[in-house]
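# Architecture and fold: a report
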Amino acid sequence: MSEPRDTTKRTVGWMGIHRGHRARPAEWLAEQGIFFVSLTAILMVFLIFVFVAREALPIVLGRMDSAAHRPALPDEQVALLTPDGLRDYLGLTAKEFAGLDKEAIQSLIEVRKEEAKEAPKSPDAKINGAAWRYLLGPHPWSDSATGDRYVWQPVGAIHKYNLVPLFIGTLKTTAVALLFAVPVALAAAIYVSQLARPTLREWLKPAVELLAGVPSVVLGFFGLMVMASFLQRGFGYESRLNAFVAGIALGLAVIPVVFSIAEDALTSVPRAYSQAALALGASKWQAAWQIVLPAAAPGVFAAVVLGFGRAIGETMVVLMASGNASIVSWSLFDSTRSITATIAAELAEAVFGGHHYRILFLIGALLFVATFLTNLAGDLIMHRLKDRLEGKR
Amino acid sequence: MTSPATISSKLDFRTRGFDFASFAFTGVTGLATLFILLLLGIILANVVWHGWETFSWRFLTGGADQDMFDVRKAGVLPMVIGTALRVLLMTLVVLPVGVITAVYLTEYANSTALTTRIIRGAVNNLAGVPSIVFGLFGLGFFISFIGRGLDAGAAEPLWGKPAILWASLTLAVMTLPLVIVATEESLRAITPGLREASLALGATKLETILKIVLPEALPGILTGGILAVGRAGGEVAPILFTGAAYYMRDLPKAPTDQFMDLGYHVFILSTQSPDIEKTRPILFATVLALLLLTMSLNLVAILVRARVRRKMRAGH
């Protein structure tokens, strides 16, 4: 007997072109075009990462020097430098260096000496604030009035780029937003998907989702102009704009995200689950709380994860309602500055291609990586839920 | 071994006379829903209440040649036009790309293939990228990479600076997932029978898609477009460095011009106003204009979407 023939291959023609396509090359081309256009989303995610990270690369590799005072070498030592050493000393790229003649290089060396003479005399002036050690670690700055060791101060003679205050700011506003938004949104999702009457449900879901249609600049405006004064009267704290106000306003942006995903997850649990429980004599809330919620748990968790991603990435709300003072403090009622607000507020004033500009891109890249990972996690969890409900696991 | 006794002790389903737990649970979750709607209502009512007085025909059609901080003269026409233009340009780019991607994902792709899963993953990820990162991307890619590349050798930068074109393209990247997801949903809502009937009559797959599937999916495609416009219309963070201007005498005339924007103007009025008490009425009226734009678009999208979903349930 001969070998069994692989029947699956018969439908595939020469080089993957199906039989019908030979007669219609234009259609075949159009379909290939459709495939290539559909790769745009992948390309864009890739480009976003590459082009945000590209601007931040010199900082990541430690190639930038933000020191206000860079000591000048005496002439005899400059004469001893190799061409590469000289290029590094003058801070030029290989292309720039190749384009200069001897005289131009000599004048650059003179400029460097002048700069060194005129630089501020503070002991901090020689510090390169753009190095990783100073971006993340503490430093006892000599001119700090409050004795803070973690300082974000990108203005003035000596630039201080410590990222810790920004991380703390983002963490504080995000924590408040999630503590406020998650319980409310989850409770509403349970009510709308499980307990409300079908006719009511038809109205409630779009109505809650309408909140997602309020632009974040309007939520920021509302936090700044209305809620800040209202909450200050209620709680009696000192600084009008702070992490608490920003967090609550941010919560308004997070609620529709968490609600929408959790509601979808709860609705995707087959009706047979809750109907079986009801048939056994369970009340509606028992079926919802003990049967449907555990079944949809991964989806509910994904909703919280994606809500977190939204909260750390939201810009305008935090920019307008948090007060934007970069102080290291764990108090919710102090003015705070988040990562996103810092980028939005400072990028326009940063020198194009300078260290400040590149550090802002660096924190943008960090933000992108953080949300990429949260999205990936949320995505995987939702997949598991789908598999579980379809009985694949 | 599982005896009936252990089941009933774990899940206590015995009914009592008045079920307090049920009452409390329904009450708390219902109140949470009401609370969200109340917050939405407060925001909208507050803006309408304070903004109504200044919100007039003159305000909507007033130009930028007047003092934009003067209550009697300020107008938002340049901002409305700027926002409309950038959103229009964005739609021209995002709609074709989004619809084609959705067509590939629903009509052609093998749902278990690796490519399909990566495309879906990318779409989901794109939806979660923070808006400020899109701003950085627009600056790093469109302006400094493409724009400066086009300018190479020119004395005066033409493309390599913030412009309405770059802002629109940045927003198109941001709203791509919205269009894809909405179109996909409406394509899936079409009964397979319709496609099969067309194929059985001898139409090719592409003909079926172009002449049967897409016209049928039009409401869903429109929903995607409207949602994208509603979302992009209110976004400020991505256009901060890619094209929005604090003040411009003239309306944008070329794709390389900057523009004034409604959302950005709200930001300026709330944070950089010379006298916040005096400009408060302008601020509320501007917010009202912005909300009217985005909320009406969202409302339309929600209504169309509800119709698509009802049809889908009827179809399957």
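Residues numbered from 1 in each chain as written. Chains lettered and ligands numbered in written order. Predicted model: local features only at pLDDT ≥ 70, side-chain atom pairs only at ≥ 80, totals over all residues. Heavy atoms only, no water.

## Some details on the overall build of chain B
Secondary structure summary: chain B contains 11 helices and 0 strands in total. Overall, chain B shows an N-to-C arrangement of helices and strands of α-α-α-α-α-α-α-α-α-α-α. Since a compact globule built from 316 residues should have a radius of gyration of about 20 Å, the 25 Å found for chain B marks it as more spread out than a globular shape. The C-alpha extent of chain B, read off along each of the three principal axes, is 80 × 60 × 40 Å. Out of the 316 residues in chain B, the part that is buried amounts to 50%. By sequence separation, contacts in chain B at least 24 residues apart represent 74% of the contacts at least 6 residues apart. For chain B, the exposed area adds up to about 14,900 Å²; of that, 67% sits on carbon and sulfur atoms. (Helix = DSSP H or I, 4+ residues; strand = E, 2+ residues; numbered from the N terminus. Rg over C-alpha atoms; globule rule 2.2 N^0.38 Å. Buried < 20%, exposed > 50% of the residue type's maximum accessible area, 1.4 Å probe, protein only. Contact = heavy atoms within 4.5 Å. Areas by Shrake-Rupley, 256 points an atom, 1.4 Å probe, with all protein chains shown as cover.)

## What to know about the overall build of chain A
Regarding its fold elements, chain A presents 18 helices and 2 strands. Along the first, second and third principal axes, the C-alpha atoms of chain A reach 90 × 80 × 35 Å. Expressed as a percentage of the 393 residues in chain A, the buried residues total 50%. For chain A, the share of sequence-separated contacts (at least 6 apart) that also reach a separation of at least 24 residues comes to 68%. Total accessible area computed for chain A in this model is approximately 19,500 Å², and 63% of it derives from carbon and sulfur atoms.

## Quick look at the interface of chain B and chain A
Where the parts come together, the accessible area they lose is often given as the size of the interface. Every contact between the two is made by 83 residues of chain B and, on the other side, 80 residues of chain A. Each partner contributes to the roughly 7,100 Å² buried at the junction of chain B and chain A, and carbon and sulfur atoms together form 79% of this total. Linking chain B with chain A are 0 salt bridges. Linking chain B with chain A are 3 residue pairs in polar contact (both at pLDDT 80 or more). Those elements that place two or more of their residues in the side of chain B that touches chain A are α2 (20-51), α4 (77-108), α5 (114-128), α6 (131-151), α7 (164-188), α9 (205-234), α10 (262-271) and α11 (276-315) of chain B. (Buried area = accessible area lost by both parts, 1.4 Å probe. Salt bridge = Lys/Arg side-chain N within 4 Å of Asp/Glu carboxyl O. Polar contact = N/O pair within 3.5 Å; in protein donor to acceptor, adjacent residues only side chain to side chain.)

## Structural notes on unusual backbone geometry
With glycine set apart, most residues show a phi of negative sign, and most peptide bonds adopt trans. We note that asparagine 324 of chain A has phi near 60 degrees; this positive angle belongs to a residue other than glycine. Position of asparagine 324 of chain A relative to the elements: it lies in the loop between α16 (316-321) and α17 (339-346).

## Comments concerning the side chain of glutamate 107 of chain B
Residue and element names in this part refer to chain B. Its location among the elements puts glutamate 107 in helix α4. Side-chain polar atoms of glutamate 107 contact the side chain of arginine 195, separated by 2.9 Å. Beyond its immediate sequence surroundings of up to four residues, glutamate 107 is in contact with Leu187, Arg195, Lys205, Ile209 and Val213.

## Concerning the packing of aromatic side chains
Using the criterion set out here, one finds 27 aromatic pairs over all chains in the structure. Judged by centre distance (5.0 Å) and plane angle (50 degrees), the rings of tyrosine 357 of chain A and phenylalanine 361 of chain A are tilted. Here phenylalanine 361 of chain A and tyrosine 357 of chain A lie together in helix α18 (residues 355-389), a separation of 4 residues that amounts to about one turn. Taken as a pair, tyrosine 357 of chain A and phenylalanine 361 of chain A share a single burial class, namely buried. Aromatic pair phenylalanine 142 of chain B and tryptophan 166 of chain B: ring centres 5.9 Å apart, planes at 10 degrees, arrangement stacked. (Phe/Tyr/Trp six-rings, centres within 6.5 Å; stacked < 30°, edge-to-face > 60°.)

## Quick look at the packing of helix α9 (residues 164-195) of chain A against helix α14 (residues 284-295) of chain A
Residues and elements named next belong to chain A. Two numbers describe how α9 lies on α14: the axes approach to 11 Å, and their chain directions differ by 110 degrees. The pairing of α9 with α14 is recorded here as roughly perpendicular in orientation. Crossing handedness for the pair α9 and α14: right-handed. Between α9 and α14, the contacting residues are Ile190, Gln194 and Leu195 on the first element and Lys284, Trp285, Ala288, Trp289, Val292 and Leu293 on the second. Here the residues of the contact of α9 with α14 are counted per class, giving 7 nonpolar, 1 polar and 1 charged. (Axes fitted to C-alpha atoms, helices over the stretch in contact; angles between N-to-C directions. Parallel < 35°, antiparallel > 145°, perpendicular 65-115°, else oblique. Left-handed = near helix turned anticlockwise from the far one by under 90°. Nonpolar A, V, L, I, M, F, W, Y, C, P; charged D, E, K, R; others polar.)

## Regarding the pattern of salt bridges
Residues and elements named next belong to chain A. Scanning the model with the defined rule gives 14 salt bridges over all chains in all. Between glutamate 55 and arginine 358 there is a salt bridge; the shortest N-O distance is 3.3 Å. Placement of glutamate 55 in helix α3 (residues 40-60) and of arginine 358 in helix α18 is noted, with a sequence separation of 303 residues between them. When its relative accessible area of 17% is taken as the criterion, arginine 358 is described as buried.

## Some points on the side chain of glutamine 194 of chain A
Residue and element names in this part refer to chain A. One can find glutamine 194 in helix α9. Overall, glutamine 194 belongs to the buried group, its relative accessible area being 16%. One polar contact links glutamine 194 to serine 193, side chain to side chain, over a distance of 3.4 Å. Not counting residues within four places of it along the chain, the set of residues in contact with glutamine 194 comprises Leu266, Lys284, Ala288 and Val292.

## Focus: the confidence of the model for chain A
All names here are of chain A. Taken as a whole, chain A shows an average pLDDT of 85; of its residues, 91% reach a score of 70 or greater. By mean pLDDT, the top-scoring element of chain A is α9 (95), and the lowest-scoring one is helix α1 (residues 19-23) (55). The low-confidence segment residues 1-17, where pLDDT is below 50, has 4 contacts with residues more than four positions distant or belonging to other chains. (pLDDT = per-residue confidence, 0-100.)

## Digging into helix α11 (residues 216-235) of chain A
Every α-helical turn comprises 3.6 residues, leaving residues that sit three or four positions apart pointing alike. Residue and element names in this part refer to chain A. In this model α11 runs just 25 Å from its N-terminal to its C-terminal C-alpha over 20 residues, more than 12% under the 28 Å that 1.5 Å per residue would give. Its maximal kink placed at methionine 227, α11 deviates by approximately 50 degrees. One or two residues past the end of α11 sits glycine 236, with phi positive at roughly 65 degrees. (Expected span 1.5 Å × (residues − 1). Bend = angle between axes of the 7 residues up to and from the residue.)

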